[in-house]
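Architecture and fold: a report
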Amino acid sequence: MATSSIDLALNRLRETRAWKSIFRRGPARTNRTRSLAIFGNIFLHLMPVKVREQSLRARATYYLGSFSFLLFLLLTVTGILLMLYYHPAVPQAYLDMKDLRFVVSNGVFLRNLHRVGAHAMVIAVFWHMFHVFYRGGYRPPHEFNWVVGVVLMLLTLFLSYTGYLLPWDQLAFWAITVGTNIISAEPVLGHDVRFLLLGGNLVGENALLRFYVLHCVILPLVAAMFIAVHFWRIQKDGGLTLRDDHEREGHERQD
Amino acid sequence: MSDKTNYEAGFGSNALKDPQRVVFITPKTSAKVKGDVGKKVMSYPNLLLREAIALEVMVIALVILSLFWDAPLEQLANPLLTPNPAKAPWYFLGLQELLHYFPPVVAGILIPALVIMALVFIPYFNVNIKGEPFWAANRTRRFLIFLVITASLLLFLVIFEAWSVIAPTVAIAILAFVSYFARVGGPRPAEFLRTRPISWWVMTWFIAVAVTLTLVGTFFRGPGWSWVWPWR
Ligand code: HEM
């Protein structure tokens, strides 16, 4: 494979002491070093060292879980950049939105990317869930990972919802007012839960600050932990579910 | 497995105690004991490469979208000025549409709680692990049960005049009804429906209702949650 000059340069780089000290291995030319590339890396070791060819096919997953995760990463990066221009205060939050539009270079683009990404993540996560369901991916031994997935779905919705308030415009304010009013319909704890979430009886400064902390700190951290468990469990549960019918049979014919 | 015996061959765990390594495992146990299937390849580079391509495709698509679509920004929040209608984010508009028909405790608390509980617990009941078609056995009895449940559900929905739930429910019920009469080896769509398990029907009904409610709530609801046409 190593024919182009870029490959040659990369391979030379991978032979250096610095590279080896960082990645704990040289170039991955053998299956042993390719395995090391996965399980010798703290991030990649959540993945399996080997995967079934059938599961790599687009039809098996449409890479919807991967897209969900990649969107989470993209939202983290664009979100951190947005945090540099944002104050969770009334009415400064709204003025910051104006600044993003009229003052900050590429501010509109940054905000658009975060917003489009957020919508896309909600869609990707739901689609992933339905796709997994139709393939029977919730069946034993994957049932607990399905539950982890349900938690991830709720976290995704809650992440998106807390972010919705942050621009502090009419759209944000009334969407959160409508939504949190539903919580108080719960007869026993409804009002208390709403009070806890908003830091008061109305959507105001306290609510903005709480939603900001939830959106930028607590929920992303919790989601990251659940995503880690989710990936690790896929590996421990023996890889993705194959459809009983043609995918298994198709393989038997090959052997 | 073509024969209808009640056990399948698998691997024993204790090689000292069971040197012949034969155990009998009844059906409905973990799918893993069936042994591994499928050729495996190294994750590095096969999986990593595909993830990298997915990332690039995604970023390109989102950048293009962000160049042509602007995130909305309305007037400064004003608690004294209620917009009509005040709408939640789109993924909650299905719930808001339900609130239009049912009391808040039912639409806002009970139904979402039941849906989430169903999602969490159903995988633990191991019903119909093999995904047998719903119409495969006890056909007449199941058909009657299906008719009774559908009729009572529709009656309940009609009492509450929940039209945007009724429409998708009727559509799915018609498909299920037709699939009961489909013959073996019919045209492909009929054959597909005929062989669906119960889980497929329930989930498809759920998705149809959720999508309809969300679309109606997003595009067809105006002042006072009245019906509007989006193109008017
Ligand atoms: C932030 C959200 C999520 C992320 C990042 C994520 C990521 C992934 C990834 C990368 C996979 C590997 C296969 C694939 O791409 O489909 C996967 C599999 C799986 N996911 Fe998710 N997921 C998320 C949400 C969910 C939800 C909401 C559910 C269901 C309620 C779920 C249930 C599962 C299950 C059961 C599998 C194993 C499928 C099988 O065995 O075939 N996940 N997930």
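Just above sits the structure.
The present account deals with the structure reproduced in this document.

1. With respect to the overall build of chain A
- Looking only at helices and strands, one finds 13 helices and one strand in chain A.
- Traced from its N-terminal end to its C-terminal end, chain A shows the element sequence α-α-α-β-α-α-α-α-α-α-α-α-α-α.
- Against the globule reference of 18 Å for 255 residues, chain A gives a C-alpha radius of gyration of 23 Å, more extended than a compact globule.
- Its C-alpha atoms give chain A principal-axis dimensions of roughly 65 × 45 × 25 Å.
- For chain A, with 255 residues in total, the buried portion stands at 49%.
- At a minimum sequence separation of 6, the contacts of chain A that also span at least 24 residues come to 63%.
- When the accessible area of chain A is evaluated, it comes to approximately 13200 Å², of which 66% is carbon and sulfur surface.
- Side chains of chain A give 26 positive and 17 negative charges; the mean places of these two sets differ by 9 Å.

2. Comments concerning the coordination of the iron atom of the ligand
Residues and elements named next belong to chain A.
- Distances from the iron atom of the ligand to its protein donors, H128 (NE2) and H230 (NE2), fall at 2.1 Å.
- Around the iron atom of the ligand sit six donor atoms; with metal-centred angles ranging over 86 to 180°, the donor geometry is octahedral. Taken as a pair, H128 in helix α8 (residues 107-134) and H230 in helix α12 (residues 205-236) lie far apart in primary sequence, 102 residues in all.

3. Details of the pattern of salt bridges
- For the coordinates displayed, the defined rule picks out six salt bridges over all chains.
- Note that K20(A) and E15(A) form a salt bridge whose closest N and O atoms lie 3.8 Å from each other.
- With relative accessibility at 36%, the residue K20(A) sits in the partly exposed group.
- We classify E15(A) as partly exposed; its relative accessible area is 40%.
- Here R221(B) ties to E97(B) by a salt bridge, and the two come within 2.9 Å at their closest N and O atoms. Of the two residues, R221(B) sits in the segment after α7 (198-219) while E97(B) sits in helix α2 (residues 93-101), which places them 124 residues apart along the sequence.
- We classify E97(B) as buried; its relative accessible area is 0%.
- It is possible to trace a salt-bridge network through shared partners that takes in E15(A), K20(A) and R29(A).

4. Overview of the site of the ligand
Residues and elements named next belong to chain A.
- For the ligand, the set of nearby residues contains 23 residues, the closest of which are H128, H142, G149, H230 and T241.
- Between a nitrogen atom of the ligand and a side-chain N or O atom of H128, the distance comes to 2.8 Å.
- Of all elements in the fold, only α6 (64-83), α8, α9 (143-165) and α12 reach the threshold of two or more residues within the shell around the ligand.
- The element that contributes the greatest number of residues to the shell around the ligand is α9, accounting for six residues.
- Each residue belonging to the shell around the ligand can be placed in one class, and the counts come to 12 nonpolar, 11 polar and no charged.

Conventions adopted
- Residues numbered from 1 in each chain as written.
- Chains lettered and ligands numbered in written order.
- Predicted model: local features only at pLDDT ≥ 70, side-chain atom pairs only at ≥ 80, totals over all residues.
- Heavy atoms only, no water.
- Helix = DSSP H or I, 4+ residues; strand = E, 2+ residues; numbered from the N terminus.
- Rg over C-alpha atoms; globule rule 2.2 N^0.38 Å.
- Buried < 20%, exposed > 50% of the residue type's maximum accessible area, 1.4 Å probe, protein only.
- Contact = heavy atoms within 4.5 Å.
- Areas by Shrake-Rupley, 256 points an atom, 1.4 Å probe, with all protein chains shown as cover.
- Lys, Arg positive; Asp, Glu negative; His and termini not counted.
- Charge placed at Lys NZ, Arg CZ, Asp CG, Glu CD.
- Donors = N, O, S within 2.8 Å, 3.2 Å for Na, K, Ca; no water.
- Tetrahedral: all angles 85-135°; square planar, octahedral: opposite > 155°, others 65-115°.
- Salt bridge = Lys/Arg side-chain N within 4 Å of Asp/Glu carboxyl O.
- Near = heavy atom within 4 Å.
- Polar contact = N/O pair within 3.5 Å; in protein donor to acceptor, adjacent residues only side chain to side chain.
- Nonpolar A, V, L, I, M, F, W, Y, C, P; charged D, E, K, R; others polar.

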